[in-house]
Amino acid sequence: MGINKTSILIFAGLLISIRVHAQDKRYIPIGHTKYKDTILVTHPDTTFEKDIFDVIGSIFGESKKPGKVDSVTSKPVISIIPAIGYTLQTGLAGTISGNVIFRLAPDTRISTITVNPAYTQNKQVIVPIQSNIWSKNNKYDFIGDFRFYKYPQSSFGLGSNSDRDNENPLVYSFFRFHETVLRNISGNFYAGLGYIFDDRWNMYEKGQLNGKTSDYERYGPVSRAISTGITFSGLYDSRDNPINASRGFYTSLQYRDNYTFLGSTTAWRSLIVDVRKYFRFPESSDNVLAFWSYNWLVINGRPAYLDLPATGHDPSFTTGRGYIQGRFRGAQMVYLESEYRFKITRNGLLGGVAFVNGESFSAAPGTALQTVQPGFGAGLRVKLNKVSKTNIAIDYGFGREGSKGLFINVGEVF
């Protein structure tokens, strides 16, 4: 059917893996975490970890000797892919996807900044920037989410029983500023407050392609909607790597309260519960069995149509592989996914995954959850940067009613 985010179809010769970091330094354990928050390259037998940078280096006669260890320090490790892509949602697209990882001090967790700007054939502008910055001694965690879209996108109605024949192209511009500050409470537990500001303007529908009245029209169309307020958040994180976890547990809760006195078009409240668990399976291997539950619930009030939970509108745009972004939308979203990650080559350059997911949505606020819509598929992993353990994730997913698509991401889906 379609693709969640800009798919990279042409990247040969355009790969850039920039490394600016100290060499031959062992990791420094973190006192609060059950698993050491580190990125350490292991060297099984006589082989050692390789990434695309090593492959390119070997072509030009440059290679590292076995046994060299790389670790993340205060100097940034940068992974970038400039590419040309194509999706049913965007047409041809030019994109630059990448991340930066670093530590602010030797005893801190790994901080990350992710950017994925794109411009498409459909004149869509997509500029997301996400950050997770840990202060010295892990006392504070600063989480940022900044976005700008000029983004025509189709909606298919409300609820997970919605019909794909009800496709309705929507046009809007969007700006987001979210910043959350969490403070360490004890061990791996954090809690704190945040400020959120979402502004959508120039919103209008082109009308359902089948000529029927759309759910967007019935819900109550507006040309502009602002949602702004305060968030109350809690976090537990014992993962060994925030980019590509192999073990550990992650739980995030965010209660959002939008206030009209701060400028919100309407007052409404929501709760997001994000739970992830990672196992080595088998325990003696580097293979990983991962589980993800993402639940996005409107507690009360009536958000604007485009503020409602939707497929592929989580912070990383990755829920619902097998369906186009925005395929399902409603006041309540319950989502579960499992993925098995395994090595193909011993040096870690190539890996594979198999995944299955299911999502259920209600329609308008106050209605019950509807049918669970399944998705499944498989994918290839190509090691872009062995220091950060960043992979190029290339997945092909299937859903119901003939839905299918290619999904490409820098970093793991969850």
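Residues numbered from 1 in each chain as written. Predicted model: local features only at pLDDT ≥ 70, side-chain atom pairs only at ≥ 80, totals over all residues. Heavy atoms only, no water.

### Here we look at the pairing of strand β13 (residues 248-258)
Note on strand geometry: in a regular strand, side chains alternate between the two faces of the sheet. For strand β12 (residues 225-237) and β13, the ladder comprises 9 bridges, and the chain directions are antiparallel. Looking across to β13, one finds that G229 is bridged to N258. (Pairing = 2+ DSSP bridges. Helix = DSSP H or I, 4+ residues; strand = E, 2+ residues; numbered from the N terminus.)

### Re the pattern of salt bridges
All told, the structure shown has 25 salt bridges when counted by the stated rule. The partner of K383 in a salt bridge is E49, with the nearest N and O atoms 3.4 Å apart. With K383 in strand β18 (residues 373-385) and E49 in the loop between β2 (16-19) and α1 (52-59), this pair connects stretches of sequence that are 334 residues apart. Taken as a pair, K383 and E49 share a single burial class, namely buried. Salt bridges here are not isolated pairs; linked through shared partners, they connect R321, E337, E339, R341, R381, D395 and E412. (Salt bridge = Lys/Arg side-chain N within 4 Å of Asp/Glu carboxyl O. Buried < 20%, exposed > 50% of the residue type's maximum accessible area, 1.4 Å probe, protein only.)

### A word on the pairing of strand β10 (residues 168-186)
The pairing of strand β8 (residues 140-150) with β10 spans 11 bridges and is antiparallel. Directly across from I143, in β10, lies its bridge partner T180. The sheet contact formed by strand β9 (residues 153-155) and β10 spans 3 bridges and is antiparallel. The residue bridging S154 from the neighbouring strand is P169, located in β10. The pairing of β10 with strand β11 (residues 189-205) spans 15 bridges and is classified as antiparallel. Residue F174 lies in a different strand from β11, and its bridge partner there is R200. In sequence, β10 turns back onto β11 through a hairpin of 2 residues, with G187 there showing a positive phi of about 55°.

### Remarks on the packing of aromatic side chains
Taken as a whole and assessed by the stated rule, the structure comprises 28 aromatic pairs. Taking the centre distance of 6.4 Å and the plane angle of 40° together, the rings of F148 and W201 count as tilted. Placement of F148 in strand β8 and of W201 in strand β11 is noted, with a sequence separation of 53 residues between them. The exposure class of F148 is partly exposed, given its relative accessible area of 31%. Classification of W201 as partly exposed rests on a relative accessible area of 25%. Taken together, a centroid distance of 5.2 Å and an interplanar angle of 20° make the contact between W292 and F414 stacked. Of the two residues, W292 sits in strand β15 (residues 288-301) while F414 sits in the segment after β20 (404-410), which places them 122 residues apart along the sequence. (Phe/Tyr/Trp six-rings, centres within 6.5 Å; stacked < 30°, edge-to-face > 60°.)

### Observations concerning the confidence of the model for the protein
On average, residues of the protein carry a pLDDT of 85, and 83% of them reach 70 or more. Of the regions scoring below 50 in pLDDT, residues 38-46 engages in 31 contacts with residues more than four places distant in sequence or in other chains. (pLDDT = per-residue confidence, 0-100. Contact = heavy atoms within 4.5 Å.)

### As for the environment of V334
For V334, the location among the structural elements is in strand β16 (residues 332-343). Along the primary structure V334 and E359 are separated by 25 residues, whereas in three dimensions their C-alpha atoms are 5.7 Å apart. Ignoring any residue separated from it by four or fewer positions in sequence, one finds V334 in contact with Y294, N295, G358, E359, S360 and L369.

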